[in-house]
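Given next are the chains, with one letter for each unit.
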Amino acid sequence: MVDSMGGDNNNNNDLVYSFRQKTSVMRNWKPGSAPSNRDKLELYALHKQAASGDAPESLSTQSAAERAKYQAWQGKAGLSRSEAMRLYMQESDRQLRVYGTTATPTPLPPSQTPLNTPAGSSSLQNGTASEQQQHSQSPRSGQGQEQPPRGLAAIPLLCAAASESRQAYLRRLANTRVDQAWWARQEPLTATPGSLFALPEALLIGYATLVEHISITAEGFLPMIPVDVFRSFWWPTHNSLLTLWMAYILVATAWTAALELTQTIVWGSRRTGLALDVIWKEEVVWCAQSVGSLAEPHQPLTARFMGLCLWFYALLVSLASTPGSMVWKSVLYITFLCVFTWWYWLVVLPWLGLSLLGLSLLAGNCIAVIELAGV
């Protein structure tokens, strides 16, 4: 018993030390491109929650900037300090990867998915625009630090959001106003928001936003049903939508990589501004690694289910990674994905996604009954 307590204390001390180290890094960080206001607020709120716990009930100042900070901090209510520390370090690593630095890049530790953290990711439109400008100046030749595409960089945080327990989900909704809704602040990550290619992702986010809005405003919506029972019904749907968003990001990235590889083989790197080895490392390999991370034992059940459904992609990349030239690997990848297995990605996988959503609605009925019984 004493040894167990000592181990817990050591783990907590290690966490606090790592948190302080990461805070020092972020305090001295000079980003290569300006982070968005939403990302700044996300990092601020996680740091305040980790350092001070839940936000106070009232706000003394009335300035717009202070109100925005206060609302961001208040949105983390119910999150333990240790979980906030872990999520702060995860978010810091993501922003370092996406925005880069003006100084010599410092190698970052491998991204680790937190075991139990609530939803807390935000989009990076400014960072993406900066990256596109950098890529348009010269072909991506593989020099410098490898960075995942915008969508893949969000996968660890979406996994963390999907691991949110029912009790944490209920606490978060109870402390969230409509204007603070998490889904309402999200935007497509695999295509330019507002474009035709972003439509499927926008529809998914729109449906999730509607579910969240109904859950937040549930009080008084059905007077005969307790509000927590109504919200518990939608909890499996919320987690399933997070999983479907991750699946869409991965599939869209895989097909985008196939398109870019085809264009580069046909037109050449000078004309497309792309390089085969960089597309392979920054999109194909990153995507396969993300698929593998979904199936890890600590992931939530819905994420592991989708990881198993997408495991076929990791096998495909492994088969294409044969010794030989980069052109040969690219041709194999394009052939396997677009010729031999197109039916799986365009027919079977959407059907599995819809099945998951239907099962989440059935599970919601069971969980609502459990909540009503007070179990």
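What you see is a predicted model, and the numbers here were worked out from it, not measured in a lab. (Residues numbered from 1 in each chain as written. Predicted model: local features only at pLDDT ≥ 70, side-chain atom pairs only at ≥ 80, totals over all residues. Heavy atoms only, no water.)

1. Quick notes on the overall build of the chain
The secondary structure content of the chain amounts to 15 helices and zero strands. Taken across its 375 residues, the chain has 47% of its residues classed as buried. Summarising the internal contacts of the chain: among those between residues at least 6 apart in sequence, 80% fall at separations of at least 24. (Helix = DSSP H or I, 4+ residues; strand = E, 2+ residues; numbered from the N terminus. Buried < 20%, exposed > 50% of the residue type's maximum accessible area, 1.4 Å probe, protein only. Contact = heavy atoms within 4.5 Å.)

2. Considering the nonpolar core
Membership of the largest hydrophobic core comes to 67 residues, with the highest contact counts inside it found for Trp183, Trp245, Leu310, Tyr313, Tyr333 and Leu349. Looking at this core, the elements with two or more residues in it are helix H7 (155-162), helix H8 (166-174), helix H9 (199-216), helix H10 (227-267), helix H12 (276-294), helix H13 (301-320), helix H14 (326-340) and helix H15 (342-373). Ranked by residue count, the leading element in this core is H10, at 18 residues. With near-sequence residues (within four places) excluded, Trp245 lies in contact with Leu158, Trp182, Trp183, Gln186, Glu187, Leu189, Glu201, Leu204 and Ile205. Counting 16 residues, the second largest nonpolar core, distinct from the first, contains Leu15, Leu46, Leu79 and Leu87. (Core = buried A, V, L, I, M, F, W, Y, C linked by side-chain atoms within 4.5 Å.)

3. As for the pattern of salt bridges
Scanning the model with the defined rule gives eight salt bridges in all. Where Asp39 meets Arg94, a salt bridge forms, and the shortest distance between an N and an O atom there is 3.4 Å. Of the two residues, Asp39 sits in helix H2 (residues 37-52) while Arg94 sits in helix H4 (residues 81-99), which places them 55 residues apart along the sequence. Here Asp39 matches Arg94 in class, with each residue buried. Residues Arg94 and Glu91 are paired through a salt bridge, measuring 2.6 Å at the closest nitrogen-oxygen approach. Highlighted residues: Arg94 and Glu91, both in helix H4, separated by three residues, approximately one helical turn. Three or more residues joined by partner-sharing salt bridges are found here, namely Asp39, Glu91 and Arg94. (Salt bridge = Lys/Arg side-chain N within 4 Å of Asp/Glu carboxyl O.)

4. Quick word on the side chain of Gln180
For Gln180, the location among the structural elements is in the loop between H8 and H9. Judged by relative accessible area, Gln180 falls into the buried class, the value being 9%. For Gln180, the residues in contact, after removing those within four places along its chain, are Gln71, Gln74, Asn175 and Arg185.

5. Digging into the packing of aromatic side chains
Going through the model one piece at a time under the given rule, you end up with 13 aromatic pairs. Seen in terms of ring centroids, Phe19 and Tyr88 are 5.2 Å apart; in terms of plane orientation they differ by 70°. Their pairing is edge-to-face. Note that Phe19 is positioned in helix H1 (residues 2-27) and Tyr88 in helix H4, a separation of 69 residues in sequence. Accessibility classification places Phe19 together with Tyr88 in one group, the buried group. Between Phe312 and Tyr344 the ring centres are 5.4 Å apart and the planes differ by 75°, which places this aromatic pair in the edge-to-face class. Placement of the pair is Phe312 in helix H13 and Tyr344 in helix H15, with a sequence separation of 32 residues. (Phe/Tyr/Trp six-rings, centres within 6.5 Å; stacked < 30°, edge-to-face > 60°.)

6. Side note on a nonpolar patch on the surface
Residues Ile265, Val266, Trp267, Val327, Trp328 and Val331 make up a contiguous nonpolar surface patch of roughly 560 Å² in combined accessible area. Following the sequence through the fold, Val331 ends up in helix H14. Of the residues examined, Val331 reaches a relative accessible area of 33% and is grouped as partly exposed. (Patch = residues over 30% accessible without salt bridge, like charges linked within 9 Å, V, L, I, M, F, W, Y side chains within 5 Å. Areas by Shrake-Rupley, 256 points an atom, 1.4 Å probe, with all protein chains shown as cover.)

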